[in-house]
Amino acid sequence: MARPGEGGVDLGTYYPRIVDGELDVLCDELPAVAVEGPRAVGKTETALRRAATVYRLDDGAELDIARADPARLADGRPPILIDEWQRLPVSWDVVRRAVDADPRTPRFLLTGSAAPAELPTHTGAGRIVTVRMRPLALAERGVSDPTVSLGELLQGSRPRVEGASGLGLADYAAEITGSGFPAVRGRSARAVRTYLEGYIDRIAERHVHEQGRAVRSRAALRRWMAAYAAATSTAATFELIRDAASPGEADKPTKATTIAYRAALEGLWIIEDVPAWLPTRNRLRRLASAPVHQLADPALAARLLELNADGLLDGQDGGRAVPRDGSLLGALFQSLVTQSVRVYAQANEAKVFHLRTHGGEHEVDLIVQGVDGRIVAVEVKLAAAVSDGDVRHLRWLAERIGPEMADAAVITTGREAYRRRDGVAVIPAGLLTA
């Protein structure tokens, strides 16, 4: 069952990942690290580069042997990789017990693409740390040369912001629909569409059921996914999403049904909403608590709505009636930026939120909160130029939280990075990195 992770394993083309630096540190110092995220984001390829012994639980024969003798998963030369551990939830407990016996030696890597249908008997808290892996961020795709560091913005020193991007609006539309899944980078538009169609079909027809969740109508699940995709970058209620999934139908899915859809997709890490920022240390009041909806990759949203880059540039919206401010292209551009900023924030041990007041008078698209509690406030604009009106919410927030704001930025589709006279950084999306 055990296979050497070096010599004979074809690792193929590998896109260096920002999360590699995080794993380099954690895998050298901690006894067990679990890398989790949606299928096809590159977890296995990344883990194989660190493994000396590999157990592939997506292989039927290896899974059968592991079921017969789970303790064997702790045998072998470390680091030991248990790939797709959720297929045998007891493997989590095997690792936990091995760590209890030897908490000092780095030994285990686990990868998982879904929450297991049967939960382990113990959470693993204090024994197994979890690292999230996402589709390729813009800075990882090789489409530009980033010059602005989110980590430096978080330090609060207001670093110089400069650089030129070769990307324009059409390029960002192509990146939205071209996907951050490594397997399709560099493929034709048709190949990418076919890949994403198959990915979505497998979610609806197979992966949800592998989690032990009963979905009576796969077609209804797919319609709900398309409606959720139309709600990208909004805080639309689940009633609005349900209505968009079943327009004109009197017999709409029940709340329990739509909750089950959401739970299933969260368990597969396909949904990754942006939570509301609800600080306790400052005087902000009357903040809304609803999350902003996001799929793991905006390309999934575009495919669910059957839109290509040209359709987005033409202003098409996929025909789903979900209220939003601005175009669907703007919403998916915000999704692309959000997905990338999450990658950069994680590298800096920061968390990502959004801010909205109850009445909607003030909104900030992204709040990146560092380990010291200070924030970088980010607005995302589908525009090349930034006006005073585009920064009014950033100014409002700065007036209220003062030194807690380390920096403020507007992420754009423009070409040049610079600081405005009021200190707000203007950063083309392709120039931002960790």
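What you see is a predicted model; the values in this text were computed from it and never measured.

A. Broad picture of empty space enclosed by the protein. Overall, the coordinates contain 6 cavities of 30 Å³ or more when judged by the stated rule. When its volume is computed, the largest cavity comes out at roughly 90 Å³. Forming the walls of the largest cavity are Arg 17, Ile 18, Val 19, Glu 22, Arg 132, Met 133, Arg 134, Pro 135, Glu 140, Val 343, Gln 346 and Ala 347. Elements with a contribution of two residues or more to the lining of the largest cavity: helix 1 (19–29) and helix 13 (328–347). Element by element, the count of residues in the lining of the largest cavity is highest for helix 13, at 3 residues. When its residues are assigned to classes, the lining of the largest cavity shows 6 nonpolar, 1 polar and 5 charged. Volume-wise, the second largest cavity comes out at about 50 Å³.

B. Quick peek at the sheet that holds strand 9 (residues 363–369). What the 6 strands build is an open sheet, ordered 8-9-10-11-13-12; its pairing is mixed. Each having just a single partner strand, strand 8 (351–356) and strand 12 (418–419) make up the two edges of the open sheet. For strand 11 (residues 405–412) and strand 13 (residues 425–428), the ladder comprises 4 bridges, and the chain directions are parallel. By the bridge assignment, Ile 411 is partnered in strand 13 with Ile 427.

C. Examining the confidence of the model for the protein more closely. Considering every residue of the protein, the mean pLDDT works out to 91; 93% of them sit at 70 or more. Within the model, the stretch residues 1–11 combines pLDDT values under 50 with 28 contacts to residues more than four positions away or in other chains.

D. Local environment of the nonpolar core. Counting residues in hydrophobic clusters, the biggest one holds 95 residues, and the most contacted among them are Leu 150, Leu 295, Val 368 and Ile 427. It is helix 13 that contributes the most residues to this core, 11 residues altogether. Setting aside its immediate chain neighbours within four residues, Val 368 contacts Leu 150, Leu 154, Val 341, Ala 345, Ala 350, Lys 351, Val 352, Arg 374, Ile 375 and Val 376.

E. Main features of the packing of helix 8 (residues 218–230) against helix 9 (residues 238–245). Between helix 8 and helix 9, the least distance of the axes is 8 Å, while the angle of their chain directions is 125 degrees. In terms of orientation, helix 8 lies oblique with respect to helix 9. Considering only the axes of helix 8 and helix 9, their crossing is right-handed. Mapping the contact onto sequence places Arg 223, Trp 224, Ala 227 and Tyr 228 in helix 8 and Phe 238, Ile 241, Ala 244 and Ala 245 in helix 9. Classifying every residue of the contact of helix 8 with helix 9 by side-chain character gives 7 nonpolar, no polar and 1 charged.

F. View of the layout of surface pockets. Taken as a whole, the largest pocket holds about 730 Å³ of empty space. Lining the largest pocket are 29 residues; nearest its centre among them are Ser 233, Asp 325, Gln 334, Glu 363 and Asp 365. With 4 residues, the top contributor of residues to the lining of the largest pocket is helix 13. Residues of the lining of the largest pocket, tallied by class, amount to 11 nonpolar, 10 polar and 8 charged. What the second largest pocket holds in volume is close to 520 Å³. What lines the second largest pocket is a set of 25 residues, among which Arg 39, Ala 40, Val 41, Gly 42 and Glu 45 lie closest to the centre.

What counts, and at which threshold
- Residues numbered from 1 in each chain as written.
- Predicted model: local features only at pLDDT ≥ 70, side-chain atom pairs only at ≥ 80, totals over all residues.
- Heavy atoms only, no water.
- 1 Å grid on protein atoms, 1.4 Å probe; cavity = no way out; pocket = protein on both sides within 12 Å on 5 of 7 lines; lining within 4 Å.
- Points joined across faces, edges and corners; volume = space filled by probe spheres on them.
- Helix = DSSP H or I, 4+ residues; strand = E, 2+ residues; numbered from the N terminus.
- Nonpolar A, V, L, I, M, F, W, Y, C, P; charged D, E, K, R; others polar.
- Pairing = 2+ DSSP bridges.
- pLDDT = per-residue confidence, 0-100.
- Contact = heavy atoms within 4.5 Å.
- Core = buried A, V, L, I, M, F, W, Y, C linked by side-chain atoms within 4.5 Å.
- Buried < 20%, exposed > 50% of the residue type's maximum accessible area, 1.4 Å probe, protein only.
- Axes fitted to C-alpha atoms, helices over the stretch in contact; angles between N-to-C directions.
- Parallel < 35°, antiparallel > 145°, perpendicular 65-115°, else oblique.
- Left-handed = near helix turned anticlockwise from the far one by under 90°.

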